[in-house]
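Okay, here's what each chain looks like letter by letter:
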Amino acid sequence: MAQQGETMGRIIELINVSKEYLQAGDNTRQALADINLGIGAGELVGIAGMNGSGKTTLARLLNALLLPSSGKVLINGMDTTEPGYQQEIRRQVGMVFQNPDNQIINPIVDEEVAFGAENLNLSPAEVRRRVNWALEAVGLSDLCYHAPHLLSGGQKQRLAVAAALAMRPECLVLDEPTSMLDQPGRRKLLKCLLQLNREHHLTIIMISHCMEELAVADRLIVLHEGAVHMDGPPWVVFSSPQFTALGLKPPPIASITGSLVRQGHQIDKKIVTLEQMVEYLCP
Amino acid sequence: MKVDPRSKMLLVICISGLALIYNNPLQLALLLAVSLALLGAFRFDIGMIGGYLRPLVSLLLILFLIQCLFTKGGQVWLTIGQLELVSSAGLIAGASVVLRILVVVNSAMLLTTCSSRDFVLGLIQWKVPYEIAFMVSIALRFLPLFRDEMQNVITAVQLRGVELKKVAWGEKISMYRTLIFPVVYRTMLKAQQLSIVMEARGFRAYPRRTYLRRLDLYWADYVIMSLALTVTVILLVGQIL
């Protein structure tokens, strides 16, 4: 499948990237093997794969939390292995992790959001502006002076997104952000992310095991044993036999669409979400 | 009237400093009264002090007895045969030790009347390096986490049919020694995850950082700090002379 992001301006490029981890007894485990990938500005990219496929390693390479064993990771042309670029890379690529509780640093919501912006040595007035904007963007303005540990799981994750947004990143990487949330929390977080992507043109890279969430992405990348096996629009990836061969299951709507197409019914092959199906059936 | 945490820190330092220098139970009792009065003035619930001090009761009793038994001098109050057990010097020394500890603990409670973030901000504005002040803040945050992890592990053990309250003391100590490992491990894991989040948000990326809030000193703070320093210096000089 053709790799997308080639026609758009690329903000992230991985060139022959491999990553190995040392294990006991001088053994190494290869987490990523010769990855070549480009992600364009404003894309909403989903990353799927079985446990141990290298998704989290890939996410951490993008923020320079991890450095590649070989190859290059370029963020807007900046090599993550160059120490002089790491500060700017950390600003440009924000990260949200899986566990909402483990991401809370400060005891008040506005200070939690301000933490990253303060680290950039911005003026207090600028920090305050960014805090207000970030809280507005995630719908938590009313909770500005609340204690983060009293928020719901979904609110905490949106707070983590706001904390990353305050640094005005060009890209947001989310590593299984909804895995510890209930249904309402997931919906609100996803709605927030879609809004950030569509209205603010924020590049979003989301790792998830939930295919319904990844179905809304512009592009879906599937990792398996440290390599990119599939890369394309979700409707193409879900309908490919290779997808199920890799041990993954498409979302129910995509399965229904695929079945209807195979049975010869006239239906848009690109329908992979419930909203798309409803819109198609009830225009 | 909101008092700056730096004023409270200075009060704690002055009172604790005097407590370390005084050896007279009467002076220490007066210091204790001053610390209790300050706690009341800063709207600390005096009734809660008992709860905070309860874990220290056995320690204070042991220290009092040790001082009584091993400090000799003055009038003898209790003997067993030829052995002098308790003398007036011992009682005075015991009372002094207990009162000193009470003064230090009570004055430290003054710091709980301000939020931890104000406390850290106060340290930073006193030119304490941010990393050290931040360590204080994170330590305060991790204490309840440690307690929660311990509770989780104990619950997990209870779910496996072990009722810790009914276990004999010797076996209980051995069991807690085993349980401490997963608690420490899980807490360190949380600490590692938090450090990753902090790095991802640019912690120490630049040599300087700014702060969203600033603490300002008002006239009441200047009065408190001047008074505290003046009185402390006078008392110290008086003690020395």
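Residues numbered from 1 in each chain as written. Chains lettered and ligands numbered in written order. Predicted model: local features only at pLDDT ≥ 70, side-chain atom pairs only at ≥ 80, totals over all residues.

K.L.:
Help me understand the overall build of chain A in this model?
P.N.:
The helix and strand inventory of chain A stands at eleven helices and ten strands. Its C-alpha radius of gyration of 19 Å places chain A within 12% of the 19 Å reference for a compact globule of 283 residues. Looking at the 283 residues of chain A, the share that counts as buried comes to 47%. Put simply, 65% of the contacts in chain A that link residues at least 6 apart link residues at least 24 apart. (Helix = DSSP H or I, 4+ residues; strand = E, 2+ residues; numbered from the N terminus. Rg over C-alpha atoms; globule rule 2.2 N^0.38 Å. Buried ≥ 20, exposed ≤ 12 C-beta atoms within 10 Å, placed from the backbone. Contact = placed C-beta atoms within 7 Å.)

K.L.:
When you look at the overall build of chain B in this model, what are you seeing that I'm missing?
P.N.:
Along chain B, the regular secondary structure elements total nine helices and two strands. Each helix (α) and strand (β) of chain B, taken in turn from the N terminus, gives the series α-α-α-α-β-β-α-α-α-α-α. Among the 241 residues that make up chain B, the fraction classed as buried is 20%. Within chain B, residue pairs in contact and separated by at least 24 positions form 68% of the contacts whose partners lie at least 6 positions apart.

K.L.:
What is the right way to look at the sheet that holds strand S10 (residues 227–232) of chain A in this model?
P.N.:
The strands that make up a sheet are held in pairs by hydrogen bonds between backbone atoms, and each pair lies either parallel or antiparallel. Residue and element names in this part refer to chain A. Taking strand neighbours across the sheet as the criterion, the six strands line up as S6-S7-S8-S3-S9-S10 in an open arrangement whose pairing is mixed. The open sheet has two edge strands, strand S6 (93–96) and S10, and neither has a second partner. Here the strands of the sheet are splayed against their neighbours by 20° on average, with no regard to which way each runs. The sheet contacts of helix H5 (residues 153–165) involve S6 and strand S7 (171–175), and relative to S6 the element is tilted by about 165°. (Pairing = 2+ DSSP bridges. Axes fitted to C-alpha atoms, helices over the stretch in contact; angles between N-to-C directions.)

K.L.:
Would you explain the packing of helix H1 (residues 5–21) of chain B against helix H9 (residues 219–240) of chain B in this entry?
P.N.:
When two helices pack together, their arrangement is given by the angle between the helix axes and by the axis-to-axis distance. Residue and element names in this part refer to chain B. Relative orientation of the contacting elements H1 and H9 amounts to 10°, with a least axis distance of 9 Å. Compared by their axis directions, H1 and H9 come out roughly parallel. Contact residues: Ser7, Leu10, Leu11, Cys14, Gly17, Leu18 and Ile21 in H1; Asp221, Ile224, Met225, Ala228, Leu229, Thr232, Leu235, Leu236 and Gln239 in H9. Grouping the amino acids of the contact of H1 with H9 by side-chain chemistry returns eleven nonpolar, four polar and one charged. (Parallel < 35°, antiparallel > 145°, perpendicular 65-115°, else oblique. Nonpolar A, V, L, I, M, F, W, Y, C, P; charged D, E, K, R; others polar.)

K.L.:
Is there a simple way to explain the sheet that holds strand S4 (residues 70–75) of chain A in this structure?
P.N.:
All names here are of chain A. Strand order in the open sheet formed by four strands is S2-S1-S4-S5, with antiparallel pairing between adjacent strands. Bordering the open sheet on either side are strand S2 (28–40) and strand S5 (78–79), each of which pairs with just one other strand. Across nine bridges, strand S1 (residues 10–22) lies against S2 in antiparallel orientation. Counterpart to Ile12 in the pairing with S2 is Ile39.

K.L.:
What should I look at first to understand unusual backbone geometry in this one?
P.N.:
Most of the time, phi is negative for any residue but glycine, and the peptide bond is trans. For Glu225(A), which is not glycine, the phi dihedral falls at a positive 50°. Take Glu225(A): it is sitting in the loop between strand S9 (219–224) and S10. Of the residues examined, Glu225(A) has 15 C-beta atoms within 10 Å and is grouped as partly exposed. Even without being a glycine, Arg43(B) presents a positive backbone phi close to 65°. As for its position among the elements, Arg43(B) is in the loop between helix H2 (25–41) and helix H3 (49–53).

K.L.:
Hey, could you run me through the nonpolar core in this one?
P.N.:
Most often, soluble globular proteins have nonpolar side chains that are buried together. With 84 residues, the main nonpolar core has Val113(A), Val131(A), Ala134(A), Ala162(A), Ala164(A), Ala166(A) and Val173(A) as its most contacted residues. Setting aside residues no more than four positions away along its own chain, Ala162(A) makes contact with Val113(A), Ala134(A), Leu135(A), Ala137(A), Val138(A) and Leu140(A). Counting 21 residues, the second-largest nonpolar core is a separate cluster that includes Val12(B), Ala93(B), Val97(B) and Leu99(B). (Core = buried A, V, L, I, M, F, W, Y, C linked by C-beta atoms within 7 Å.)

K.L.:
Any chance you could explain the interface of chain A and chain B here in plain terms?
P.N.:
Reports often express the size of an interface as the amount of accessible area lost when the parts come together. Each partner contributes to the interface: chain A provides 31 residues, whereas chain B provides 20 residues. Elements that contribute at least two residues to the side of chain A that touches chain B include exactly helix H2 (86–92), helix H3 (109–119) and helix H4 (124–138) of chain A. A per-element tally of the side of chain A that touches chain B places H3(A) first, with seven residues. For the side of chain A that touches chain B, the class distribution of residues is 15 nonpolar, ten polar and six charged.

K.L.:
Could you clarify how one ought to interpret the environment of Ala215(A) in this entry?
P.N.:
Residues and elements named next belong to chain A. Residue placement: Ala215 occurs in the loop between helix H7 (211–214) and S9. Using a count of 23 C-beta atoms within 10 Å as the deciding quantity, one classes Ala215 as buried. Taking C-alpha positions, Ala215 is 36 Å from Arg128, a pair spaced 87 residues apart along the chain.

K.L.:
It is not clear to me how the domain arrangement of chain B should be interpreted in this structure. Could you clarify?
P.N.:
Domains assigned within chain B are domain 1 (1–114 + 216–241) and domain 2 (127–210). The gap between the C-alpha centroids of domain 1 of chain B and domain 2 of chain B is 32 Å. (Domains from an automatic or database assignment.)

K.L.:
Explain H5(A) to me, please; I cannot follow it from the model alone.
P.N.:
Since one α-helical turn is 3.6 residues long, residues separated by three or four positions face the same way. All names here are of chain A. Its 13 residues place the ends of H5 18 Å apart at the C-alpha level, agreeing with the 18 Å of an ideal helix rising 1.5 Å per residue. Every buried residue of H5 is accounted for by Gly154, Gln155, Lys156, Gln157, Arg158, Leu159, Ala160, Val161, Ala162, Ala163, Ala164 and Leu165. Lining the buried residues of H5 we find S6, H3, H4, S7 and helix H6 (183–200). (Expected span 1.5 Å × (residues − 1).)

K.L.:
Help me understand H3(A), please; the structure alone is not making it clear to me.
P.N.:
Burial within H3(A) is extensive, with eleven of its eleven residues counted as buried. Residues of H3(A) that are buried: Val109(A), Asp110(A), Glu111(A), Glu112(A), Val113(A), Ala114(A), Phe115(A), Gly116(A), Ala117(A), Glu118(A) and Asn119(A). Looking at the buried residues of H3(A), the elements they touch are H4 and H5 of chain A together with helix H6 (116–125) of chain B. Taken from the residues just after H3(A), Asn121(A) is the one with a positive phi, measuring 65°.

K.L.:
How should I be thinking about the pairing of S10(A) in this particular structure?
P.N.:
Within a regular strand, side chains alternate between the sheet's two faces. Residue and element names in this part refer to chain A. In this structure, S9 lies alongside S10, joined through five bridges in antiparallel fashion. Following the sheet pairing, Val222 is matched in S10 by Met230. In textbook terms, the turn of a hairpin is the stretch between consecutive antiparallel strands, and for S9 and S10 this stretch comprises two residues, one of which, Glu225, has a positive phi near 50°.

K.L.:
Got a minute to help me understand the confidence of the model for chain B in this structure?
P.N.:
All names here are of chain B. Per-residue pLDDT for chain B has a mean of 86; in total, 100% of the residues score no lower than 70. Of all the helices and strands in chain B, strand S2 (residues 83–87) carries the lowest mean pLDDT, 79, while H1 carries the highest, 92. Per the prediction output, this complex has pTM 0.79; the corresponding ipTM is 0.81. (pLDDT = per-residue confidence, 0-100.)

K.L.:
Would you mind showing me how to read the packing of H3(A) against H4(A) here?
P.N.:
All names here are of chain A. Two elements in contact, H3 and H4, have axes separated by 9 Å at closest approach and are oriented at 125°. When the axis of H3 is compared with that of H4, the two are oblique. In this structure, H3 meets H4 at a crossing whose hand is right-handed. On the side of H3, the interface is formed by Asp110, Val113, Ala114, Ala117 and Glu118, while H4 contributes Val127, Arg130, Val131, Ala134 and Leu135. Residue classes in the contact of H3 with H4 are distributed as seven nonpolar, no polar and three charged. (Left-handed = near helix turned anticlockwise from the far one by under 90°.)

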